[in-house]
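Listed here are the chains, written in short residue letters.
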Amino acid sequence: MAKILCVPLDPVHDVGIKIINAELAKHGHQTLLLQPDLPMETIVKRAAEGEYDFIMVSRTLGYGVAELLARFTDLLDAAGIRERSKVVIGGKPVTPELAAELGYDKGFGAQSTIDEVIAYVEGRELPKEAAGYTRTRRDIAGKYSYKFFDKEIESLLDSICDKLLAWADGKTSPGVERMKLRDAMLRETNPATFADLRARYNALCDRTITDANEHKILPKGVRVVSAGEREALATFLGTSTPYQPVRIQHNDAQPVVFKFLGSGCPVMDITHGKICERWGINGFLIINPSWEARYEGLIEGCLTHENDGTITSLENIRLMRESLDESTLLTVRAHRGLNTPETVLLAGEAGANLSKIDLVYGSLGAGTDPERISVDGIEAMRLCARYGMAFDIPGNDELSGVPSWKTLAGLLINVMLGKKLGAKAILKPLFCYGPHIVLNGQMKQNFVDYNTAKIYALRHIVDCPIWPGEPIAFMTQSEERIQSANTTSYHAALAATLGVDAITIASTDEAYSRGPICITSRIDTIRAVTDAFRFMGDAQIAPSAMAGVYTDEILTKIREVLREVEAKPTLHDAIYAGLLGSEEDGAYPGKFGSGTVTHLKE
C-alpha cells in the first residue's frame, strides 16, 4: 500500500485529481486530497509533514505555468522531500518529455488511463492492451453468412451470375495471362525458365511498361526510392514509438475507420500512416495512379512519382504492409483498369488484407471495357478466395448521377458472384450528396433519411458486411476545415448508429484537393469522428418516417433493375444497354481493353 498526496495545483480545476484520488483509495492506497489553489509553501509544508511515497500534482497548462511547476519541484528539493517521494504531474497537455523537462518523475497526459496511474504507483508493468498500445485487427466479413433474405432478388442474382460465369468459361485476357505469368515468376527459381516467363510477360505489356521494367526507362515523374530514403524510413520506424495511441471507437460495436493513402510516394504514405495509426485509424486504402489503369502491365520496384496515387508494385505494397502495425487493415484498389487480376495477386503476395473489385463500376465512367472487366474481375475474385482476402465493392458511380438503386443492384451482383467464387464481398454504398439526390430532393429535409434507407434496403436483402465509403460525407464538405471535419463526424455518427462495419473518412483538405494532403488535415477528421463516436456511445440517431418510404422505393427499383439485367444474355450486355447506369445518368461503358478478350484455345 502506498501513501499518496494528491495536489490540485490549480485555482479551480481539480476534477481529474479527484477521480484519481478516489480510484487509488479503492485499490487500497492511503491518499490525502488537498483543496485547490493552496499556496505552494502550504503544499510543501503538508508534504513534509507526512512521509508520502508519491506526490501527484494536477495542473492545466497556460502562460507561465511551466515556470510555476518547475518552482514547485525546486521547493520540494529544498525541503528534502524529493529524497523520499516521487513527484508526478498530470494534465491534458502533459507528455513524458514535458514532465522530465520540468523535473518530475513521471507524466500522465490526456490519453493516459487510471489503470496506468495505478500500475505506476504499484510498481508493476501494465499489459500493453490495458495501456492502449495493443490494437486488434477486425475481421470485417467474418461474422456474416451471406444468406439472402429476399428470395426474388436472390433468384435474379443467381441467374445473372450463372449466365456471366457460363459466358466467361474458357475465356481469357492479357490481364489474366499476365497474372498467371507473374504468379509463376514469383515462384520460379530456374533462371532459364524465369527468363522465358519474363519474355512472355513482356509480350503482353505496353511499351511504357517494358521500357521501365527491362531498360529502366521510367515514365515521366517516376523514380526509384533511394537507398537513403529507405534507410531514413527504417530509422524513423525503429526509433519512433507511438505515444499513448488513441482509440477512435467508444465501444466495439462502432465501425472501424479507414483513410486513403496514395500520395505517390510510399515513404510519405507510411509516414502519414504511422501518424494516423497513433490517432486510432484502423485501416488504409492504397489508391493507385489513374495512368496505371490505362497500361497493360505493371511497373516493378520501390517507386515514387509526382502524380496522384501510389504505384501498386509488389515492392511498394510489401513495404507499406510491413511498415504498418500488424493490426492495421490494408486494402489495394484493383477494380478499374487493365491490371485487376495481377493487382490482386500482388496484394495477396504482399500480405494485404483486402482488395477492391466491382465489375459494374469498374466498367462505367471511362473505365474498363465491360467484357474485359468481367473476365478479369472473375479471376480477381478467385484470387481473393485463394488468399483469404475479402473485397469491397465501391459504388462511386452514384456521384455521376446514377440513382442509388442502380448502384446498389450492381453491388449486389458482385456479392453473389463473389459468393459463387468463394470470395467474401463487402457492400460499399455511398453516404453522399450526389447529382441524382440533388435533382430529386431526397436530402432536402435532412441528410439522415436517404442514407439510412440505403442501409435498411441492403440489410433487408442480404446478411453481408456494409462499409459506407469513399468517403462518407462526399459532396457535403466544403473548403472550410472545421465544416469538413464536422460534416464527416455527423456522417460517422449516423454510420455508427446504423451498425455498419466500417467507414472511410477523408482529410479536410481532400474535400477540394487544392494541393498535397497534410497530416494536420488528416487529424482534423480523425479527432472529429472520435468525438462523434464518444458523443453517440450506444445512443442512436432517429430517422424520420421518410426513411421507410425511401427504403421501400429503393427495394422496389432494385428488383426492377435486376429483372431487366437478368433478361439480357450477360451482365456486360446489360451494362452496354445502360441498365446499371446510362449516358443520361452520366455513366457510359469504358473502352480500355476493348476487343482483348479471347478464348483460351486461341
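No experiment lies behind these values; they were computed from the predicted model shown.

## Some points on the pattern of salt bridges
Move 1: Going through the model one piece at a time under the given rule, you end up with 38 salt bridges.
Move 2: Residue D158 pairs with K420 through a salt bridge whose shortest N-O separation is 2.5 Å. Taken together, the positions of D158 in helix α7 (residues 151–168) and K420 in helix α16 (residues 404–420) put the pair 262 residues apart, joining distant regions of the chain.
Move 3: Classification of D158 as partly exposed rests on a relative accessible area of 31%.
Move 4: Here R247 and D252 are joined by a salt bridge, their closest N and O atoms 2.5 Å apart.
Move 5: The partly exposed category is assigned to R247, whose relative accessible area is 47%.
Move 6: Here D252 falls in the exposed class, since its relative accessible area comes to 60%.

## Quick word on the sheet that holds strand β3 (residues 54–58)
Move 1: Read from one edge to the other, the open sheet built from 5 strands follows the order β2-β1-β3-β4-β5, with strand pairing classed as parallel. Of all the strands in the sheet, the pair left with one neighbour each is β2 (30–33) and β5 (106–108). Neighbour-to-neighbour, the strand axes of this sheet turn through a mean angle of 20°, independent of strand direction.
Move 2: With 4 bridges joining them, strand β1 (residues 3–8) and β2 adopt parallel strand pairing.

## Some thoughts on the domain arrangement of the protein
The accessible area lost on association of the parts is a frequent measure of interface size.
Move 1: Domain annotation of the protein identifies domain 1 (3–130) and domain 2 (151–169 + 247–576).
Move 2: Of note, the centres of domain 1 and domain 2, computed from C-alpha atoms alone, are 47 Å apart.

## Topic: the packing of helix α12 (residues 266–278) against helix α20 (residues 519–536)
Move 1: Axis separation between α12 and α20 bottoms out at 10 Å; the angle between their running directions is 30°. Considering their axes alone, α12 and α20 lie roughly parallel with respect to each other. Where α12 crosses over α20, the two elements pack in a sense that is right-handed. Here α12 contributes H272, I275 and C276 to the contact with α20, which in turn contributes I519, R522, I523 and I526.
Move 2: For the contact of α12 with α20, the per-class residue count stands at 5 nonpolar, 1 polar and 1 charged.

## Here's the deal with the sheet that holds strand β8 (residues 256–261)
Move 1: The 7 strands are arranged β14-β13-β12-β11-β9-β8-β17 in an open sheet whose pairing can be described as parallel. Taken across any chain shown, the strands that pair with only one partner, and hence form the sheet edges, are β14 (425–428) and β17 (502–504). For this sheet the average axis-to-axis angle between neighbouring strands, irrespective of direction, equals 25°.
Move 2: Taken together, the 3 bridges between strand β12 (residues 354–356) and strand β13 (residues 390–394) define a ladder with parallel strand orientation. Across the sheet, residue S355 finds its bridge partner in β13, namely F391.

## A short note on α7
Move 1: For α7, which comprises 18 residues, the first-to-last C-alpha distance of 26 Å matches the rise-based estimate of 26 Å (1.5 Å per residue) to within 8%.
Move 2: Looking at the buried positions of α7, the neighbouring elements they touch are β6 (171–172), α15 (370–387), α16, α18 (449–461), α21 (546–566) and α22 (571–576).
Move 3: The positive-phi residue at the C-terminal boundary of α7 is G170, with phi of around 85°.

## Brief notes about the pairing of β13
Move 1: Most of β13 sits out of view: 5 of its 5 residues are buried.
Move 2: What you see with β13 is no split at all: A390, D392 and P394 on one side and F391 and I393 on the other are buried throughout.
Move 3: Judged from the 4 bridges that link them, β13 and β14 form a sheet pairing that is parallel. Following the sheet pairing, F391 is matched in β14 by A425.
Move 4: In the classification by handedness, the crossover that spans β13, the intervening α16 and the parallel β14 is right-handed.

## Details of unusual backbone geometry
Move 1: A cis amide bond links E470 with the next residue in sequence, P471, at an omega value of -15°.
Move 2: Notably, Y146 is not glycine yet its phi reads approximately 65°, a positive angle.
Move 3: For Y146, the position within the fold is in the loop between α6 (128–131) and α7.
Move 4: With a relative accessible area of 6%, Y146 lands in the buried category.
Move 5: One non-glycine residue, M475, lies in positive phi territory at about 75°.
Move 6: Examined against the element boundaries, M475 turns out to sit in the loop between β16 (469–474) and α19 (481–497).

## Things to note about the environment of N446
Move 1: Structurally, the position occupied by N446 is in the loop between α17 (435–440) and α18.
Move 2: There is a polar contact of 2.9 Å between the side chain of N446 and the backbone nitrogen of V448.
Move 3: Reaching out from N446, the side chain makes a polar contact with the backbone nitrogen of D449 at a distance of 2.8 Å.

## Re the packing of aromatic side chains
Move 1: All chains considered together, the criterion is met by 6 aromatic pairs.
Move 2: Seen from their ring centres, Y450 and Y550 are 5.1 Å apart, and the 75° between their planes marks the pair as edge-to-face. Here Y550 lies in helix α21 and Y450 lies in helix α18, a separation of 100 residues in the sequence.
Move 3: Here Y450 falls in the buried class, since its relative accessible area comes to 0%.
Move 4: Judged by relative accessible area, which is 12%, Y550 ranks as buried.
Move 5: Here the guanidinium or amino end of R182 rests over the ring plane of Y201, the centre of that ring lying 4.7 Å away.

## Topic: α15
Move 1: The terminal C-alpha atoms of α15, which comprises 18 residues, lie 25 Å apart, in line with the 26 Å expected from a rise of 1.5 Å per residue.
Move 2: Extensive coverage of α15 is indicated by the burial of 13 of its 18 residues.
Move 3: For α15, the capping residue at the N-terminal end is D369, with a side-chain oxygen 3.2 Å from the backbone nitrogen of E371.
Move 4: Directly beyond the C-terminal end of α15, a positive phi value near 70° is found at G388.

## Regarding the packing of helix α8 (residues 174–187) against α15
Move 1: Relative orientation of the contacting elements α8 and α15 amounts to 30°, with a least axis distance of 8 Å. The orientation of α8 relative to α15 falls into the category roughly parallel. Across the interface between the two elements, P174, G175, V176, R178, M179, D183 and R187 from α8 touch R372, V375, D376, E379, L383, R386 and Y387 from α15.
Move 2: Broken down by class, the residue content of the contact of α8 with α15 amounts to 6 nonpolar, 1 polar and 7 charged.

## A closer look at the pairing of strand β9 (residues 283–286)
Move 1: Side chains G283 and L285 project from β9 onto one buried face, and the interleaved F284 and I286 project onto a second face that is buried too.
Move 2: For the crossover from β8 across α12 to β9, the handedness is right-handed.
Move 3: As paired elements, β9 and strand β11 (residues 329–333) share 4 bridges and run parallel to each other. Note on β11: the bridge partner recorded for L285 is T331.

About the thresholds
- Residues numbered from 1 in each chain as written.
- Predicted model: local features only at pLDDT ≥ 70, side-chain atom pairs only at ≥ 80, totals over all residues.
- Heavy atoms only, no water.
- Salt bridge = Lys/Arg side-chain N within 4 Å of Asp/Glu carboxyl O.
- Helix = DSSP H or I, 4+ residues; strand = E, 2+ residues; numbered from the N terminus.
- Buried < 20%, exposed > 50% of the residue type's maximum accessible area, 1.4 Å probe, protein only.
- Pairing = 2+ DSSP bridges.
- Axes fitted to C-alpha atoms, helices over the stretch in contact; angles between N-to-C directions.
- Domains from an automatic or database assignment.
- Parallel < 35°, antiparallel > 145°, perpendicular 65-115°, else oblique.
- Left-handed = near helix turned anticlockwise from the far one by under 90°.
- Contact = heavy atoms within 4.5 Å.
- Nonpolar A, V, L, I, M, F, W, Y, C, P; charged D, E, K, R; others polar.
- Expected span 1.5 Å × (residues − 1).
- Right-handed = clockwise from strand over helix to strand, strands pointing away.
- Polar contact = N/O pair within 3.5 Å; in protein donor to acceptor, adjacent residues only side chain to side chain.
- Phe/Tyr/Trp six-rings, centres within 6.5 Å; stacked < 30°, edge-to-face > 60°.
- Lys NZ or Arg CZ within 6 Å of the ring centre and 35° of its normal.

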